[in-house]
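# Secondary and tertiary structure notes
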Amino acid sequence: MKKSLVILFAATLGLAACNNYKKGPGGLMYMIHKSEGKEKIKEGDIIKLNFIQKNEKDSVMANTYDLEQPQVFPVGKKQYAGDMNDVLYLFGEGDSATFKLDLDTMAKHSGQPKPEQLKKDKYLVFTVKIEKVLHKDPKEADSTFQNKAKDFFQKDYKAMVDKRKASEEGKIKKYIADNNLKVQTTASGLQYVITTPGSAQKPVIGDTIMVNYTGKLTTKKSNGKDNVFDTSDAKIAKESGKFNPMAQYGPRAFPLGRAIPGFDEGLQLIGKGGKATLIIPSRLAYGENGMQGAIGPFTPLVFEVELSDIKKPSAVTVPAAPAPVNPAVATPAPAKKK
């Protein structure tokens, strides 16, 4: 865990124990852990922040630190006292704070009921760190400010991507060392460990395979647990906060040849009943663009897979590729034009 995040968590726990929240409008509750004393955020500014979102039971719902993807967005006009924009006006660049948004107030003004997973909660809790604020001068033309912001954040994004690219190989090596894995490497760069070979017959492109899998990042979450982004295992989904009551858990069908390259290649190494760990470099996964909201640029992935069945085209009609529903089968986004 990064030192700055450790300090932030420590401050959160210490102040929360003292119940040092201040009351704001609309049922808002907040406490500032650290203030740099800089100019406060205002409507029209563009900010970059990291946040941890929790319910009142302290269950993490979202964490930008885990994905190494801070959020960048323009700050809008507050719609009502105590909304998300209203609370941001309290902070400046470099500040860290925890605030509680009143869900009843939010439901009243939005006209929408509380989300199902928050029905029994009074507040939605955020711990934030304001990484950067680009202030808009009241006299500055919108087009001038937008161009300035675009230039700044393009450079900021490029620096982040370059850093991730440079660190990818190290992340893979560390994961292998930390887990004491004896890997084999294919010509493409896929690294793998076969724990159970399975049957002699292996799947080929065009087959439909039934797979149990768990996909995770090589880095741990800030709580020390595996950074799972998708799984077919209901127990792991619940433990990792990824459970979807609408999903069907258990072996899932994949037309071989339509997933990310590293996943397709790895499944062809085992037979029915086989199990393996696949360590997939980003060039065989989601590459320099990543997958918005789930996987960042130059992110290596790890899949624990079990091949439960192989169905040949002669036995079944392979359906057209469905719309992506999880990172294992989604097609990587095309590279942006230079």
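Rules of the game
- Residues numbered from 1 in each chain as written.
- Predicted model: local features only at pLDDT ≥ 70, side-chain atom pairs only at ≥ 80, totals over all residues.
- Heavy atoms only, no water.
- UniProt positions renumbered as here; feature names shortened; annotations may be inferred.
- Helix = DSSP H or I, 4+ residues; strand = E, 2+ residues; numbered from the N terminus.
- Buried < 20%, exposed > 50% of the residue type's maximum accessible area, 1.4 Å probe, protein only.
- Contact = heavy atoms within 4.5 Å.
- Areas by Shrake-Rupley, 256 points an atom, 1.4 Å probe, with all protein chains shown as cover.
- Core = buried A, V, L, I, M, F, W, Y, C linked by side-chain atoms within 4.5 Å.
- Salt bridge = Lys/Arg side-chain N within 4 Å of Asp/Glu carboxyl O.
- Expected span 1.5 Å × (residues − 1).
- Phe/Tyr/Trp six-rings, centres within 6.5 Å; stacked < 30°, edge-to-face > 60°.

An unreviewed UniProt entry lists the protein under the name peptidylprolyl isomerase, with Pedobacter nutrimenti as the source organism. Heading Catalytic activity (unreviewed entry) of the UniProt record for the protein holds this comment: "[protein]-peptidylproline (omega=180) = [protein]-peptidylproline (omega=0)".

## Overview of the overall build of the protein
The number of helices and strands found in the protein is 7 helices and 14 strands. Among the 338 residues that make up the protein, the fraction classed as buried is 43%. The contacts in the protein between residues at least 6 apart in sequence include a share of 69% that link residues at least 24 apart. Total accessible area computed for the protein in this model is approximately 18,400 Å², and 54% of it derives from carbon and sulfur atoms.

## Remarks on the nonpolar core
A general tendency of soluble globular proteins is for nonpolar side chains to be buried together. Val211, Phe263, Leu267, Leu278, Leu301, Phe303 and Val305 are the most contacted members of the largest nonpolar core, which totals 26 residues. Of all elements in the fold, only strand S10 (208-220), helix H7 (261-267), strand S13 (275-280) and strand S14 (301-311) reach the threshold of two or more residues within this core. In this structure Leu267 touches Pro203, Ile209, Val211, Leu256, Leu278, Val305 and Leu307, once residues within four positions along its chain are discounted. Counting residues in each nonpolar core, the second largest holds 20 residues, with Val87, Phe91, Ala97 and Phe99 among its members.

## Things to note about the pattern of salt bridges
Two side chains carrying opposite charge are able to pair once their charged atoms lie near each other. One pass over the structure, following the stated rule, counts 27 salt bridges. A salt bridge links Asp104 to Lys122, with the shortest nitrogen-to-oxygen separation between them at 3.3 Å. You can see Asp104 sitting in helix H4 (residues 103-110) and its partner Lys122 sitting in the loop between H4 and strand S7 (123-134), a full 18 residues away along the chain. Residue Asp207 pairs with Lys312 through a salt bridge whose shortest N-O separation is 2.8 Å.

## Quick word on H4
Burial in H4 covers these residues: Leu103, Thr105 and Ala107. Against the buried residues of H4 lie strand S6 (96-102) and S7. Just past H4, the residue Gly111 takes up positive phi, approximately 75°.

## Examining helix H5 (residues 142-178)
Compared with an ideal rise of 1.5 Å per residue, which puts 37 residues at 54 Å, H5 spans 50 Å between its outermost C-alpha atoms and is within 8% of the ideal. Taken residue by residue, H5 has Phe145, Ala149, Phe153, Val161, Arg164, Glu168, Lys171, Ile172, Tyr175 and Ile176 as its buried positions. Immediately beyond the C-terminal end of H5, within one or two residues, lies Asn180, with a positive phi of roughly 50°.

## Concerning the environment of Gln248
Tracing the backbone shows Gln248 in the loop between helix H6 (234-240) and strand S12 (252-255). By relative accessible area, Gln248 is classed as exposed at 71%. Each C-alpha atom, one on Gln248 and one on Ala234, is 8.6 Å from the other, the two residues being 14 residues apart in sequence.

## Some details on the packing of aromatic side chains
In this structure the tally under the stated criterion is 11 aromatic pairs. For the pair Tyr213 and Phe254, a centre-to-centre distance of 5.6 Å together with 70° between the ring planes defines the contact as edge-to-face. One end of the pair, Tyr213, is in strand S10; the other, Phe254, is in strand S12, with 41 residues separating them in the sequence. With respect to class, Tyr213 is no different from Phe254; both count as buried.

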